[in-house]
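Remarks on the overall topology
Residue strings, one per chain:
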Amino acid sequence: MCGIVGYIGNNEKKDFILNGLRELEYRGYDSAGIATLSNGELITYKAVGKLINLEQKCKDFTSTGFGVAIGHTRWATHGKPTEANAHPHIAEFSNVIHNGIIENYKELKERLEKKGHYFLSQTDTEVIVHLFEDYLNDGLDCFEAFKRTIGELRGAYAILLITKKEPDKIFYAKNASPLIIGRGEGGIYLASSDAPLMGYAQEVSYLEDGALGYIDLHNFSSLPNIKQLPQNKGYAQKEGFRYFMEKEIYEQSGVLLETMMGRVSEGKISFENLSADFFDGIGEITICACGTSYHAGMVGKYLLERYAKIKTNVVIASEYRYSSPVLREDELFIAISQSGETLDTLEAIKFVKPFGNKTLAICNVDNSSIVRECDEVLLTRAGIEKGVASTKAFATQVMVLWMLSTYIGSIRGNLSQKEVQKNIEDMVASAKRTEISAKMHEKIKRLSKRYLHGHGFFFIGRDVFYPLALESALKLKEISYLHAEGYPSGEMKHGPIALADSELFTVALMPEHLLYEKIKSNVEELSARDATICAVSALEFEGADDMLYIPSCSSYMEEFFSMMCALQLFALEIAIRLGNDVDMPRNLAKSVTVE
Ligand code: F6R
């Protein structure tokens, strides 16, 4: 959600800024902007829509010699995606970019307007630059003015500000939004995640909340916690696939094996950094997450209760901390996040920490804010996920939760060695089930043309196939913009079945190895009311209008992973037929760093 970058040095400023924004564009693509300050000149370009529009606009612009620069790609929070609302925001002699939300911007704006400040945008961000210049007008020096400005802000932010008054510095502040400063041969580089820094900065400092200061060419060494930055950028290509999402669906079998590597061997599960005593005395688990990660958490509940025999609650992060939750002393708090930067989840962890409960992150990004906030981490190892609609991250989250529940089940003696061995065999087989066959993909492509209209989709399933139904409905709505809902299949008769008619598509998840007869009856009830049924199963179902066959499997979890792939491709092919940009669907952003 919004990406920010900054540069100080002698190189062409536009190069790093635009390359960096390209890396971050999947996080927000409503508008983009850039500002450079060199030779006393402060120049700003902004454009609505994707980054390419900004690149076009400043294609003839060059900035030589020493200078500073900032760039921003926006996911709109306050004000429509217009050029005026695009960052950087401008006052008389300074520019600012910001990721996050300033909650008290209205009162600050009113105060500044009364003092004669004129605002050009509807954003919350613009108050920052005006407040800063207002303090300068009162006679404060730049750093003091910046400190006072930040001191007045309430909310979440990563802020970069440049000003003609101090043309060799970038002023920065961070609270609950990620910000990293790096140093490389070409100068100083700043960004809201480490991907843009790779290939430019060799060492980096991940700033902590409360960080506030300025950076110039000389003071990098004074930053806390400086680390070497890995330089691996190999993930960023589509490699012949039409979309990153498609590539990431195909990558799932590889990343699932990666997730298991070194953790599953010789009939045993172990985690590199977690010892068995971490789970000593744990009597209950709360899993907290958002969106797709929440759906993985719901699968985790079934698995943890089934194999680890620990009562597990699953909570939506944005609901959790304002709901007066009651925490037991022996409760383990697990936060699941692909990005590791989701503000709702991060704030939920911060809420729990003062109670002293153990915290565990299941996360795809090492060194992310959520990883740093938790006591322990299990990395999901999905590799960078660029498609906004999460696929391989979900697959690896489920795998980690399955391994974790089997592990706890084994150390607590709730699973026999034979049962652990069986789960491990099923895990390996499940990874294999996510290899996409050309035949299946082709069949889904053909099938997709029959599902472009209608007044909605119901995805239905039982047990772990219920969260998979929710996740499949989410995938479809995110990229196709069609209405879709997930339901436990047994719940349809309690109300939703009222919607059933031939224009209602029901995608029924019918695993052979889990409650087949039960779900069959539920689907028959819908079929009797003329709903159009697409059955996803290895077994032929006579009441179906369409069959989406998965291969015959030997366990329900293999069927889970196989159906997951089929339904990801189903959403993808429908969205492509509808002409949508699958990797950058409307209104969404990859990493949601606002409440
Ligand atoms: C959906 C999707 C979102 C995220 C959610 C949480 O495809 O990606 O629902 O799952 O915003 O994000 P993370 O997992 O990064 O905390």
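Quick summary incoming for the structure in this document. The shown structure was predicted, so the numbers you read here are calculated from the model rather than taken from an experiment. Think of each chain on its own: its residues are numbered from 1, step by step along the sequence as written. With the structure being a predicted model, the display of local features is reserved for residues of pLDDT at least 70 and the display and counting of side-chain atom pairs for 80 or more, all residues being used for whole-chain, interface and lining totals. Excluding hydrogens and water, the side-chain values take into account all heavy atoms of the structure.

1. Thoughts on the environment of Gly213
Quick reminder of the rule: A run of DSSP states H or I qualifies as a helix once it reaches four residues; a run of E qualifies as a strand once it reaches two. Both are numbered from the N-terminal end. Think of it in three bands: residues with accessible area under 20% of the maximum for their type are buried, residues over 50% are exposed, and the middle band is partly exposed, with areas taken using a 1.4 Å probe on protein chains only. By definition in these notes, contact holds between two residues if any of their heavy atoms fall within 4.5 Å.
Assignment of secondary structure puts Gly213 in strand 12 (residues 212-215). Classification of Gly213 as buried rests on a relative accessible area of 5%. If sequence neighbours within four positions are ignored, Gly213 has contacts with Phe143, Phe146, Ile170, Phe171 and Tyr172.

2. Here we look at the site of the ligand
We count it as follows: Throughout, the term near means that a residue has one or more heavy atoms lying within 4 Å of the molecule or strand in question. Contacts described as polar in this section are N or O atom pairs within 3.5 Å, which, within protein, must combine one atom able to donate a hydrogen with one able to accept it, while residues neighboring in sequence count only if both atoms come from side chains. Residue burial considers only the protein chains on display, and all accessible areas are found by Shrake-Rupley using a 1.4 Å probe.
Looking at the ligand, there are 14 residues lining it, with Ser293, Ser337, Gln338, Ser339 and Thr342 nearest. Thr342 is positioned such that a nitrogen or oxygen atom in its side chain is 2.4 Å from an oxygen atom of the ligand. Side-chain polar atom of Lys475 to an oxygen atom of the ligand: 2.9 Å apart, as the coordinates give it. Relative to its unbound accessible area of 400 Å², the ligand is 89% covered by the protein chains. Mapped by element, the contributors of at least two residues to the shell around the ligand are helix 8 (291-308) and helix 15 (465-480).

3. What about the packing of aromatic side chains?
Convention followed: A pair of aromatic rings is counted whenever rings of Phe, Tyr or Trp (Trp by its six-membered ring) have centres within 6.5 Å, and the orientation is called stacked for planes under 30 degrees apart, edge-to-face for over 60 and tilted otherwise. A ring is considered to have a charge above it if a Lys NZ or an Arg CZ atom is located within 6 Å of its centre and within 35 degrees of its normal.
Applying the stated criterion across every chain yields a total of 29 aromatic pairs. Relative to Phe146, the ring of Phe132 lies with its centre 6.4 Å away and its plane at 75 degrees, an arrangement referred to as edge-to-face. Taken together, the residues span a long stretch of sequence, with Phe132 in helix 4 (residues 126-137) and Phe146 in helix 5 (residues 142-152) at a distance of 14 residues. Judged by its relative accessible area of 0%, Phe132 falls in the buried class. Geometrically, the ring pair formed by Phe457 and Phe459 is stacked, given 6.1 Å between the ring centres and 20 degrees between the ring planes. Through a chain of ring-to-ring contacts, the aromatic side chains of Phe132, Phe143, Phe146, Phe171 and Tyr214 assemble into a single cluster. Directly above the aromatic system of Phe244 lies the positively charged group of Lys386, at a separation of 5.6 Å from the ring centroid. Directly above the aromatic system of Tyr481 lies the positively charged group of Arg586, at a separation of 3.9 Å from the ring centroid.

Everything listed here is a matter of coordinates, which is why it stays silent on function.
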